Each structure stands twice: as C-alpha cells, then as structure tokens.
Amino acid sequence: MADTDRRIALVTGASRGIGRAIAARLLRDGYFVVGSATSDDGAQRIDADLGDLGGGIVLRVDGDETAEQGIGDLLERFGAPSVLVNNAGITRDNLLMRMTGVQWSSVVEANLSGLYRVTRPLLRAMMRQRFGRIVNLSSVVARMGNPGQTNYAATKAGIEGFTRALAQEVGSRGITVNAVAPGFIDTDMTRDLAEEQRQAMVDRTAVRRMGSVEDVAAAVSFLASDSAGYITGETLHVNGGLYAA
Ligand code: NAP
C-alpha cells in the first residue's frame, strides 16, 4: 500500500503520449499517481518517471484476465484510487468496406470493454469513500466522425454514453464521471499521418496548431479537482476549435 496521505490516482496507458502527461500533471497536483503500461518495461519506465510519489503497473485492458491481474496488483501494492483516468486507447484504421473483424473487435475490446473492466471493480471503494473522480478519454471523432475510423468513433461515442449513464448512477455518492474529448494531438497515435494530412487538420483548427499533451492534461486535472464537483456526465472538448460539438 502507498504510505502517503495523498489521494491515489490511476492513469491507464501512462507510458507515452497523453496518459504520460496526465500522470505528470496529477503528480504536480499532489496525487500519488499510479500509471499503467502493457509491458514490464513500460511499467518500469513509469516507475522511474514518477519517483517516490508514484508507481507503474502492467495493466492490459483488452482482456478479462489481464485486466483482473492488473487491478489486483494495483490494489495490493498501492490501494484503491479515488481518481481514475481511463486513457488507454488504440486505433486500427480502415475504411469499413475493408475493415477486418480483428480490426473492429480489437478497438472495441481495448477502448470500450476496457472501460468496463477497469471502472467496475474500482467503483466500490469510491462509493465507500463517498468521493471519486472518473475521467474518460473520448475523441473529437465521436461527434465529428472521420473516414477510416468507424470502429474508433463508435467506441468513443460509446464512452460518452457510458459517461452520462454512470454519472447518474453514482452522483449521489460524491463521484463525478466526465469525458475529455481531444482533437488533433501530437502523439504516436497521430505521427503516422502523412505531412499533408497533418497540415490539412491544422488548417481546419481555429487556433492553427496541433494540440499538446499538456493541453489535454490540464482539462483532466480540472475535472479531477475538488473545484469540478458540480460537473458530471459532461464531455469537455479540447480541440482548438477543430469542431464545435
Ligand atoms: P498513444 O500515444 O498511442 O498511447 C497509448 C497508451 O495506451 C500507451 O500507454 C499504451 O501502452 C496504452 N495501451 C495501448 N493498448 C492498451 C491495452 N490494450 N491495454 C492497456 N493499455 C493500452 O495514445 P495517445 O495519443 O496518448 O492517446 C491517449 C488517449 O487519448 C486514447 O484514448 C486516445 O483514443 C485519445 N485521443 C488521442 C488523440 C490524439 O490525437 N492523439 C485524439 C483524441 C483522443 P504501451 O505503451 O504499453 O503500448
């Protein structure tokens, strides 16, 4: 168990990109932060990143057994989090006409069923504490759509529906549930795009730049804070004006 008075925050997918920035931000905000990766190497890197006031675990959200193992490890080593950031997510883009069953189901398993596998077992402790903050990572494509991303957009729209429904189930226990929907953010997920596709996206964005991982982390930090206690079931858009939802 973490020997600290700090509130514990779990950030899934904290080895890189947006999750890594969220973990760093929550550490600065005063939480004891546990970050997850899919490999031992990744978990060790998170350990090194977070120092004494955090730790890394292996947690694969795309399977029942691996998720149970990761959550078990979290509870045994650090205790139950009062802040949960469901950030882990993947893309497997293809036009629907060409999309394979594996491309469809791997995205659904990781992005949508993963949300169920991680959130459900961690709710009881938040209910007992009569406090909790759950922040789920959606995407601008949940509302805007994007060719080649029917699987991904469907999971992100699902995450927003899950967020609204769960917010109504647990609000009376002091638990808020919100989503953050980033636009076009500079991470591994978007680095594969051709330069002209990236430029076209930037040209469509009102503030004329890609978002940074810190832009997204700031929104998560706010929704996790005590100041956001009267906001629940919402989706906060962090897209620089790419799309007005
Ligand atoms: P990223 O750089 O590709 O990082 C993905 C993270 O998720 C990594 O830490 C990865 O762990 C973890 N992960 C992958 N598969 C997993 C699984 N099956 N179980 C558990 N963890 C898994 O992604 P990102 O761009 O930071 O995106 C983070 C979140 O923001 C995602 O939910 C994404 O959909 C959303 N988002 C991103 C953008 C964008 O423009 N980048 C826009 C809108 C929404 P390993 O390092 O161990 O592989």
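This one's a predicted model, so the numbers in the text were calculated from it and none came from an experiment. (Residues numbered from 1 in each chain as written. Predicted model: local features only at pLDDT ≥ 70, side-chain atom pairs only at ≥ 80, totals over all residues. Heavy atoms only, no water.)

*Asks:* Describe the nonpolar core, listing the residues and the values that go with them.
*Replies:* Counting 27 residues, the largest nonpolar core has V11, I22, L26, V85, L137 and V180 as the members making the most contacts within it. Mapped onto this core, the elements with two or more residues apiece are β1 (8-11), α1 (17-28), β2 (32-37), α2 (40-50), β4 (83-86), β5 (132-137) and α9 (213-224). Looking at this core element by element, the count peaks at seven residues for α9. Non-local contacts of L26, meaning those with residues more than four positions away in its chain, are made with A9, V11, Y31, V33, V83, V85, S221 and A224. With 22 residues, the next largest nonpolar core counts V61, L74, V170 and V177 among its residues. (Core = buried A, V, L, I, M, F, W, Y, C linked by side-chain atoms within 4.5 Å. Buried < 20%, exposed > 50% of the residue type's maximum accessible area, 1.4 Å probe, protein only. Helix = DSSP H or I, 4+ residues; strand = E, 2+ residues; numbered from the N terminus. Contact = heavy atoms within 4.5 Å.)

*Asks:* Describe empty space enclosed by the protein, with residues and values.
*Replies:* Counted by the stated rule, this structure contains one cavity of 30 Å³ or more. Taken as a whole, the largest cavity holds about 70 Å³ of empty space. Every residue lining the largest cavity is listed: T12, V61, N86, N87, A88, A110, N111, G114, L115, N136, L137 and I159. The set of elements that each furnish at least two residues to the lining of the largest cavity consists of α4 (101-129) and β5. Looking at the lining of the largest cavity element by element, the count peaks at four residues for α4. (1 Å grid on protein atoms, 1.4 Å probe; cavity = no way out; pocket = protein on both sides within 12 Å on 5 of 7 lines; lining within 4 Å. Points joined across faces, edges and corners; volume = space filled by probe spheres on them.)

*Asks:* Account for unusual backbone geometry, with residues named and values stated.
*Replies:* Glycine aside, the phi torsion of most residues is negative, and most peptide linkages are trans. Look at R130: it is not a glycine, yet its phi comes out positive at around 50°. Structurally, the position occupied by R130 is in the loop between α4 and β5. Note on R130: relative accessible area 51%, which makes it exposed. Even without being a glycine, R208 presents a positive backbone phi close to 55°. With a relative accessible area of 52%, R208 lands in the exposed category.

*Asks:* Can you lay out α9 for me, pointing to particular residues and giving the numbers?
*Replies:* One turn of an α-helix holds 3.6 residues; hence residues three or four places apart share an orientation. Here α9 contains 12 residues, and its C-alpha end-to-end distance of 17 Å stays within 8% of the 16 Å for a straight helix at 1.5 Å per residue. Every buried residue of α9 is listed here: V213, V216, A217, A219, V220, S221, L223 and A224. On its buried face, α9 sits against α1, β4, β5, β6 (175-182) and β7 (235-238). (Expected span 1.5 Å × (residues − 1).)

*Asks:* Please provide a residue-by-residue account of the site of the ligand, values included.
*Replies:* The environment of the ligand is formed by 29 residues, the closest being S15, T38, N87, Y152 and T187. Y152 places a side-chain nitrogen or oxygen 2.5 Å from an oxygen atom of the ligand. For the ligand, whose accessible area on its own is 900 Å², the fraction buried by protein is 93%. Under a 2 Å grid-point criterion requiring more than half of the atoms, the pocket assigned to the ligand is the largest pocket. (Near = heavy atom within 4 Å. Polar contact = N/O pair within 3.5 Å; in protein donor to acceptor, adjacent residues only side chain to side chain. Areas by Shrake-Rupley, 256 points an atom, 1.4 Å probe, with all protein chains shown as cover. Sits in = over half its atoms within 2 Å of the grid points.)

*Asks:* So what's going on with the packing of α1 against α9? Which residues, and what values?
*Replies:* At a closest axis distance of 8 Å, the pairing of α1 and α9 adopts a crossing angle of 50°. Taken together, the axes of α1 and α9 lie oblique to each other. Crossing of α1 against α9: the hand is right-handed. Here α1 contributes G17, I18, A21, I22, R25 and L26 to the contact with α9, which in turn contributes V213, E214, V216, A217, A218, V220, S221 and A224. In the contact of α1 with α9, the residues fall into 10 nonpolar, two polar and two charged. (Axes fitted to C-alpha atoms, helices over the stretch in contact; angles between N-to-C directions. Parallel < 35°, antiparallel > 145°, perpendicular 65-115°, else oblique. Left-handed = near helix turned anticlockwise from the far one by under 90°. Nonpolar A, V, L, I, M, F, W, Y, C, P; charged D, E, K, R; others polar.)

*Asks:* Give a detailed account of the environment of L26, specifying residues and quantitative values.
*Replies:* Mapped onto the elements, L26 comes out in helix α1. For the pair L26 and S221, spaced 195 residues apart in sequence, the C-alpha to C-alpha distance is 6.4 Å.

*Asks:* Let's hear about the sheet that holds β2: which residues, and what values?
*Replies:* Ordered by their spatial adjacency, seven strands build an open sheet running β3-β2-β1-β4-β5-β6-β7, and the pairing between neighbours is parallel. Bordering the open sheet on either side are β3 (54-58) and β7, each of which pairs with just one other strand. Across the sheet, the mean angle separating the axes of adjacent strands is 20° when strand polarity is ignored. Across five bridges, the pairing between β2 and β3 is parallel. (Pairing = 2+ DSSP bridges.)

Take it as geometry only, folks, not as evidence of what the structure does.
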